[in-house]
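Chains, contacts and geometry: an overview
Chain residues, written in single-letter form:
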Amino acid sequence: MTLVETFGIHHIRLTVTDIDRSKAFYRDVLGFPIVAESPGSPDDQQVRTDPTQLYGGVVFQTNGMLFGLRPVAAPTDRFDSERVGLDHLSFSVSSVDDLTRTETRLSEAGIEHGEIIRLEAFGIAILSFSDPDGIHLELTAPL
């Protein structure tokens, strides 16, 4: 028996440098619908520290999971997958066809991405790319 019985991830929130740029990426490029947005400005220090105002950020919903952005990083800060913390974030998609459609959409939007890689031993295929802050993202589809 584990000490804490969990039954899934409730939400994920990423720290970003520019909320408008990141919001446009996740909404317009990936198509995540916005379910909540801060009523205040992230330029206001009180808003940036207030969870009831979403820290000046935005929350999306993707396949039943909440996914938020918090705009508190310095404009010059960049993600580094080789430091303690997040390596990458992978979202599940239904099929390899979804990966192919997303690969086309990323190319059309001028966003660099890897090739679709089939990992036969794991029964999945992946497509890797990064968000505007360089946070490594991946889409994973069953084979």
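Going by the structure above, here's the rest.
Analysis parameters
For every chain, the first residue of the written sequence is number 1, and numbering continues from 1 along that sequence. Predicted model: local features are reported for residues with pLDDT of at least 70 only, side-chain atom pairs are reported and counted for 80 or more only, and whole-chain, interface and lining totals are derived from all residues. Only hydrogens and water are set aside when side-chain values are computed; all heavy atoms of the structure are taken into account. Under the DSSP-based scheme used, a helix requires at least four consecutive residues in state H or I and a strand at least two consecutive residues in state E, with every element numbered from the N terminus. Exposed residues in this analysis have more than 50% of their type's maximum accessible area, buried residues have under 20%, and partly exposed residues fall in between, with area computed by a 1.4 Å probe over protein chains only. Residues adjacent in sequence count toward polar contacts only when both atoms are side-chain atoms; beyond that, a polar contact is any pair of N or O atoms within 3.5 Å, and within protein one must be able to donate a hydrogen and the other to accept it. At least two DSSP bridges between two strands are required for those strands to pair. Axes here refer to lines fitted to C-alpha atoms; in helices the fit is confined to the stretch in contact. Angles between the N-to-C directions go from 0 to 180 degrees. Pairs of residues are marked as contacts when any of their non-hydrogen atoms sit within 4.5 Å. Stacked, tilted and edge-to-face are the three classes assigned to paired rings of Phe, Tyr and Trp, where Trp is represented by its six-membered ring and a pair needs centres within 6.5 Å; plane angles under 30 degrees give stacked, over 60 edge-to-face, the rest tilted.

Within the secondary structure layout, Thr17 lies in the loop between β1 (11-15) and α1 (19-29). The exposure class assigned to Thr17 is buried, which follows from its relative accessible area of 17%. Separated by 2.9 Å, the side chains of Thr17 and Arg21 make a polar contact. In this structure the side chain of Thr17 is engaged in a polar contact, spanning 2.5 Å, whose partner is the side chain of Asp133.

Once that is clear, we can look at the sheet that holds strand β6 (residues 117-119). Taken in spatial order, the four strands make up an open sheet running β5-β8-β7-β6, and their pairing is mixed. Two strands close off the open sheet at either side, each with one partner strand: β5 (89-92) and β6. Within this sheet the neighbouring strands show an average axis-to-axis angle of 30°, counted without direction. On the sheet, helix α3 (residues 96-108) packs against β6, β7 (124-130) and β8 (136-142) and is oriented at approximately 20° with respect to β7.

Here the structure, examined in full by the defined rule, presents 10 aromatic pairs. Taking the centre distance of 5.0 Å and the plane angle of 90° together, the rings of Phe25 and Tyr26 count as edge-to-face. Classification of Tyr26 as buried rests on a relative accessible area of 0%. For Phe25, a relative accessible area of 6% gives the class buried. Cluster of aromatic residues (ring-pair linked, three or more members): Phe25, Tyr26, Phe32, Phe60, Phe67, Phe91 and Phe129.

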